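# Structural overview for review
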Amino acid sequence: IALLSLVGCLAADPLIRLLFPGFSAVEIELTVSLFRVMVWLTWTISVTAFFQTVLQAAQIYGPAAVGPFLGTLVTFVASWFTYSSWGIHGIAWSTVGGALVSLLWQAPLYCRNARHRLRIDDGTRQMWLMLLPLLVGAAIYKLDPLLDRYLASELATGSVSQLSYASRLIAAFL
């Protein structure tokens, strides 16, 4: 996942140009710079979720639940202080910083409690085969907003943001 984040960071410019063909040069530049920061959430959140899963399997709930709370708190406080001087980039860095704090909280707990044994038996193979349709469906569900944003990028300035806000409202009601 770290490699995926690194590739996303390095390929941000052509990727953003491909996904948002209607963006102006200024919008492309801003989106690329923000994407290069935010793409690291893929790694931090994935590793944190893995750590939490292992901790919950070991029946360690309380300390594992503190990490996300601390991460959110750090994101909020850091955003409050960085927005006035760094603008939207302050929010982006604060978000990644908060996710990193959550990961760093979980890491020692994970190291003390992880007991891995990699076994791929018939039950595991069957589980992965049964999981495949769910993964394909989830991928399609996650790609749908990309298509929406691709189409909205050709519209007036602010259309992508308005579409994002509308999606969040719908998600809140669901």
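What you see is a predicted model; the values in this text were computed from it and never measured.

### Some thoughts on the packing of aromatic side chains
Going through the model one piece at a time under the given rule, you end up with five aromatic pairs. Aromatic side chains phenylalanine 76 and tryptophan 80 sit 6.3 Å apart centroid to centroid with 40° between the ring planes, which places their arrangement in the tilted category. Of this pair, phenylalanine 76 and tryptophan 80 both sit in helix α5 (residues 62–86), four residues apart, which is roughly one turn of the helix. On the basis of relative accessibility, which here comes to 64%, the residue tryptophan 80 falls in the exposed class.

### Digging into the layout of surface pockets
Roughly 2200 Å³ of internal volume is contained in the largest pocket. Phe20, Arg149, Val160, Ser164 and Arg168 are the residues nearest the centre of the largest pocket, which is lined by 50 residues in total. Residue assignment for the lining of the largest pocket shows that the elements contributing at least two residues are α1 (2–10), α2 (12–19), α3 (25–38), α4 (40–57), α6 (88–113), α7 (122–152) and α8 (159–173). Classifying every residue of the lining of the largest pocket by side-chain character gives 31 nonpolar, 13 polar and six charged. Approximately 190 Å³ is the volume found for the second largest pocket. In this structure, the second largest pocket is lined by 13 residues; those nearest its centre are Ile45, Pro68, Gly98, Ala99 and Ser102. Secondary structure elements with two or more residues in the lining of the second largest pocket: α4, α5 and α6.

### Focus on a nonpolar patch on the surface
Taken together, the side chains of Phe69, Leu73, Phe76, Val77, Trp80 and Phe81 make up a nonpolar region of the molecular surface, amounting to roughly 730 Å² of accessible area. Judged by relative accessible area, which is 54%, phenylalanine 76 ranks as exposed.

### Comments concerning α3
The end-to-end C-alpha distance of α3 is 20 Å, a good match for the 20 Å that 14 residues give at a rise of 1.5 Å each. By the burial criterion, the buried members of α3 are Ile28, Val32, Leu34 and Val37. Its buried side turned inward, α3 meets α2, α4 and α6.

### Digging into the nonpolar core
Of all hydrophobic cores here, the largest spans eight residues; its members are Ala12, Ile16, Phe20, Phe23, Ile28, Val32, Ala152 and Val160. Broken down by secondary-structure element, the contributors of at least two residues to this core are α2 and α3. Excluding residues that lie within four positions of it along the chain, valine 32 makes contacts with Ala12, Asp13 and Ile16.

### What to know about the packing of α4 against α6
Each pair of packed helices can be described by the angle between their axes along with the distance between the axes. Between α4 and α6, the least distance of the axes is 9 Å, while the angle of their chain directions is 30°. The orientation of α4 with respect to α6, classified from their angle, is roughly parallel. Crossing geometry of α4 relative to α6 is assigned as left-handed. Contact with α4, carried on its side by Trp40, Leu41, Trp43, Thr44, Ile45, Val47, Thr48, Phe50, Phe51, Gln52, Val54 and Leu55, involves Thr95, Val96, Ala99, Leu100, Ser102, Leu103, Gln106, Ala107, Leu109, Tyr110 and Asn113 of α6 and no other residues of that element. Of the residues belonging to the contact of α4 with α6, the class tally is 16 nonpolar, seven polar and no charged.

What counts as what
Residues numbered from 1 in each chain as written. Predicted model: local features only at pLDDT ≥ 70, side-chain atom pairs only at ≥ 80, totals over all residues. Heavy atoms only, no water. Phe/Tyr/Trp six-rings, centres within 6.5 Å; stacked < 30°, edge-to-face > 60°. Helix = DSSP H or I, 4+ residues; strand = E, 2+ residues; numbered from the N terminus. Buried < 20%, exposed > 50% of the residue type's maximum accessible area, 1.4 Å probe, protein only. 1 Å grid on protein atoms, 1.4 Å probe; cavity = no way out; pocket = protein on both sides within 12 Å on 5 of 7 lines; lining within 4 Å. Points joined across faces, edges and corners; volume = space filled by probe spheres on them. Nonpolar A, V, L, I, M, F, W, Y, C, P; charged D, E, K, R; others polar. Patch = residues over 30% accessible without salt bridge, like charges linked within 9 Å, V, L, I, M, F, W, Y side chains within 5 Å. Areas by Shrake-Rupley, 256 points an atom, 1.4 Å probe, with all protein chains shown as cover. Salt bridge = Lys/Arg side-chain N within 4 Å of Asp/Glu carboxyl O. Expected span 1.5 Å × (residues − 1). Contact = heavy atoms within 4.5 Å. Core = buried A, V, L, I, M, F, W, Y, C linked by side-chain atoms within 4.5 Å. Axes fitted to C-alpha atoms, helices over the stretch in contact; angles between N-to-C directions. Parallel < 35°, antiparallel > 145°, perpendicular 65-115°, else oblique. Left-handed = near helix turned anticlockwise from the far one by under 90°.

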